[in-house]
Amino acid sequence: MPWSFQIARAFGIPIRLHVTFLLLLGWIAFAGISRGDLTQTLVALGLFTCVVAHELGHSVVAQRYGVHVVDITLLPIGGVARMAAVPKDPHQEFWISIAGPLVNFALAPLFMILHQIVEPASGGLPWMAVLASPGWVLLKLAMLNLSLGLFNLIPAFPMDGGRILRALLAQRMPYERATRYATGLGQFLAFLLALVGLLLQSSPMLVFVALFIFIGAGEEGVRVQTHAVIEGAAVREAMVTTYVTLRRGDTLNTAVELLLAGAQQDFPVVEGDDVVGVLTRRRLLEVLSHQGNDRYVSEVMEPAPEPVGPEEPLEDVMDQFGPGGVGVIPVVGPDGLCGLLTKENAVEFILVRAALRRNQERTAA
Ligand SMILES: [Zn+2]
C-alpha cells in the first residue's frame, strides 16, 4: 500500500502505518497537549493497538490454514490485513473471520480486570496532571473492545459478521448463492441503518457507516460473481492471439508506429522463442517525454512478468492484474510465445462469460 511504512513485525507479519493514520493520531495528540490532558491520546493509542490485535487474530488463524498474510496496515478507519487468497472452504473462512472479534471479546474482560487492580491504587500519583485517570482509560478500552467485537459481528460485508454468515450458509448451499444471500442481507441492514441514522437519530456518522457497508457488500458480491464466472476457464480462452512483438534492436519509433497502428498497448520483446522483456504503453510514453524516440527497445524495456502456460487456470493468474500489478503477461506454450494475457482482454472475457451465463439462467428459468 503506498504512503505507508513498516513499524513492527508480529508472527512474521509486517505491521504498517498509513500516513493518514499518523496525521489523525498527531491531531488527537496535539488537541490533548493543548488541553493539557493526554487521556484521549492514550485511549486512541490503546484502541489502535487493539485493532492491530484484532487483525492479528484473523491473520494468525489464516496462517495456520496455510494462507499467506502479506501485511497489516493501520488506516484511520481501522486495520486491513492483506491475504494472498481468501479460502473458499466455509470451515476455514468461519474460523479466520471469527478470530478477530474473539480477540476483542478476550481483551475486554482483561482490561476490566486491569481496571479493578489499577483504579484503587492510582489515587494521587504525580502524573495525574496530564491524565484524568489510568483506571478510566482501562475502563474505556474495555468498553471499546466490546463495541469493536460486536460491531464487527454485524452480519454484513465487509464486516467479519458477513463472512461468518456466508461461511455458515455455504455449509448448506453453493458458495455463490450463500454470498448472494449474505450480501443481500448486508445491503438490507445497511438500508435500515441509514433510515435510523436519517430519521430517528439524525446522525451523519450512522449514515456514513451504512454507506460503507452498502458499498462493501456490493463489492464482495461482484468479486465472488467474477470468480464464479471464470471458474474452470483456462488462460488460453482469454488470451490475445493476434498481436505484434518487438525486437531488442528496434527503435522506439517502431514501437510508436505499432502503438498507433492497432489497439495493442503493451508489446512483448522477443529473441528467438524467448520473451526477454516487455514495453508497456506507460513506459513508452514515459521514455518519449524524457528522452525522445531514438532510443533502442533493449535500453528501455522492462523485465517480462513470469510467463504462464495456456492451460493454467485463469483464476490463478487474475490476481496479478490487481492494483499496482502487471498489465500484460506472456503466455508461453511448448513452442514458445503463443499469446498475451492483458487486463483489458481478461475483463472483456469476464463480461462475455457473464452475459452468456445470464442468458443460460434466463432460458433455464
Ligand atoms: Zn475483523
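Residues numbered from 1 in each chain as written. Predicted model: local features only at pLDDT ≥ 70, side-chain atom pairs only at ≥ 80, totals over all residues. Heavy atoms only, no water.

Student: So, the side chain of Arg166: which residues are in play, and what are the values?
Tutor: Within the fold, Arg166 resides in helix 5 (residues 160–170). In contact with Arg166, not counting residues within four places along its chain, are Glu93, Phe157, Tyr175, Ala178, Thr179, Ala182, Glu220, Arg223 and Val224. (Helix = DSSP H or I, 4+ residues; strand = E, 2+ residues; numbered from the N terminus. Contact = heavy atoms within 4.5 Å.)

Student: Could you give me a rundown of a nonpolar patch on the surface, with the residues and numbers involved?
Tutor: A contiguous nonpolar patch, built from Leu185, Phe188, Phe191, Leu192, Leu195, Val196, Leu198, Leu199 and Leu200 and spanning about 890 Å² of accessible area, is present on the exposed surface. Turning to its location among the elements, Phe188 is positioned in helix 6 (residues 175–200). (Patch = residues over 30% accessible without salt bridge, like charges linked within 9 Å, V, L, I, M, F, W, Y side chains within 5 Å. Areas by Shrake-Rupley, 256 points an atom, 1.4 Å probe, with all protein chains shown as cover. Salt bridge = Lys/Arg side-chain N within 4 Å of Asp/Glu carboxyl O.)

Student: So, unusual backbone geometry: which residues are in play, and what are the values?
Tutor: At Phe11, a residue that is not glycine, the phi angle is positive and equals roughly 50°. Among the secondary structure elements, Phe11 is positioned in the loop between strand 1 (4–10) and strand 2 (13–18).

Student: Any details on the coordination of the zinc ion? Residues and values, ideally.
Tutor: Around the zinc ion, the protein contributes the donor atoms His54 (NE2), His58 (NE2), Asp160 (OD) and Asp160 (OD), at 2.0 to 2.6 Å from the metal centre. Classification of the site at the zinc ion rests on its four donor atoms, whose angles at the metal span 55 to 150°, yielding the label irregular. In the primary sequence, the donor residues of the zinc ion line up as H-x3-H-x101-D. Of this pair, His54 sits in helix 2 (residues 39–64) while Asp160 is found in helix 5, placing the two residues 106 residues apart along the sequence. Of the two residues, His54 and Asp160, neither departs from the other in class, the shared state being buried. (Donors = N, O, S within 2.8 Å, 3.2 Å for Na, K, Ca; no water. Tetrahedral: all angles 85-135°; square planar, octahedral: opposite > 155°, others 65-115°. Buried < 20%, exposed > 50% of the residue type's maximum accessible area, 1.4 Å probe, protein only.)

Student: An account of the packing of helix 9 (residues 252–261) against helix 10 (residues 281–291) is needed here, citing residue identities and associated values.
Tutor: Two elements in contact, helix 9 and helix 10, have axes whose closest approach is 11 Å; the angle formed by their N-to-C orientations is 130°. By the angle between their directions, the pair helix 9 and helix 10 is classed as oblique. Both helix 9 and helix 10 take part in a crossing whose hand is left-handed. Between helix 9, through Leu252, Ala255, Val256 and Leu259, and helix 10, the contact on the second element is made entirely by Arg281, Leu284, Val287 and Leu288. Looking at side-chain class alone, the contact of helix 9 with helix 10 contains seven nonpolar, no polar and one charged residues. (Axes fitted to C-alpha atoms, helices over the stretch in contact; angles between N-to-C directions. Parallel < 35°, antiparallel > 145°, perpendicular 65-115°, else oblique. Left-handed = near helix turned anticlockwise from the far one by under 90°. Nonpolar A, V, L, I, M, F, W, Y, C, P; charged D, E, K, R; others polar.)

Student: How would you summarise the sheet that holds strand 4 (residues 78–83) if you had to cite specific residues and measurements?
Tutor: Judged by pairing direction, the sheet is mixed, and its four strands sit side by side in the order 1-2-3-4 without closing on themselves. At either margin of the open sheet sits one strand with a lone partner, and together these are strand 1 and strand 4. For this sheet the average axis-to-axis angle between neighbouring strands, irrespective of direction, equals 25°. Pairing analysis gives three bridges linking strand 2 to strand 3 (residues 69–75), with the strands arranged parallel. Across the sheet, the residue bridging to Leu17 is Leu74, located in strand 3. Helix 1 (residues 19–35) contacts strand 1, strand 2 and strand 3 of the sheet and is inclined by roughly 60° relative to strand 2. (Pairing = 2+ DSSP bridges.)

Student: Go over the packing of helix 1 against helix 2 with me, naming the residues and quoting the values.
Tutor: Any two packed helices are characterised by the angle at which their axes cross and by the distance between the axes. In contact at an axis separation of 8 Å, helix 1 and helix 2 are set at 155° when each is read in the N-to-C sense. Taken together, the axes of helix 1 and helix 2 are roughly antiparallel relative to one another. Counting all contacts with helix 1, which are made through Phe21, Leu24, Leu25, Ile28, Ala29, Gly32 and Arg35, the residues of helix 2 involved are Gln40, Thr41, Ala44, Leu45 and Phe48. Grouping the constituent residues of the contact of helix 1 with helix 2 by class yields eight nonpolar, three polar and one charged.

Student: Outline helix 1, supporting the account with residue identities and numerical values.
Tutor: Taking 1.5 Å per residue as the helical rise, helix 1 with its 17 residues ought to reach 24 Å, and the 24 Å between its terminal C-alpha atoms agrees with that figure. Within helix 1, the full set of buried residues consists of Phe21, Leu25, Ile28, Ala29 and Gly32. Buried residues of helix 1 fall within an arc of 95° about the axis and therefore sit on the same side. In this structure, helix 1 carries Leu23, Trp27, Phe30 and Ser34 as exposed residues pointing more than 90 degrees from its buried face. On its buried face, helix 1 is in contact with strand 2, helix 2 and strand 3. In the segment just after helix 1, Gly36 is the residue with positive phi, at about 75°. (Expected span 1.5 Å × (residues − 1). Arc of directions from axis to C-beta.)

Student: Mind laying out the pattern of salt bridges, listing which residues take part and the relevant values?
Tutor: Inspection of every chain in the model, using the stated rule, returns ten salt bridges. Arg236 serves as the salt-bridge partner of Glu311, at 2.9 Å between the closest nitrogen and oxygen. Of this pair, Glu311 sits in the loop between helix 11 (297–300) and helix 12 (314–318) while Arg236 is found in helix 8 (residues 235–238), placing the two residues 75 residues apart along the sequence. Taking the relative accessible area as the measure of exposure, Arg236 reaches 40% and is therefore partly exposed. Put simply, Arg353 and Glu237 hold a salt bridge, and the shortest N to O gap is 3.5 Å. Linking Arg353 in helix 13 (residues 343–364) with Glu237 in helix 8, this pair joins segments that are 116 residues apart in sequence. Given a relative accessible area of 25%, Arg353 falls into the partly exposed group.

Interpretation note: all reported values are geometric properties and have no functional meaning in isolation.
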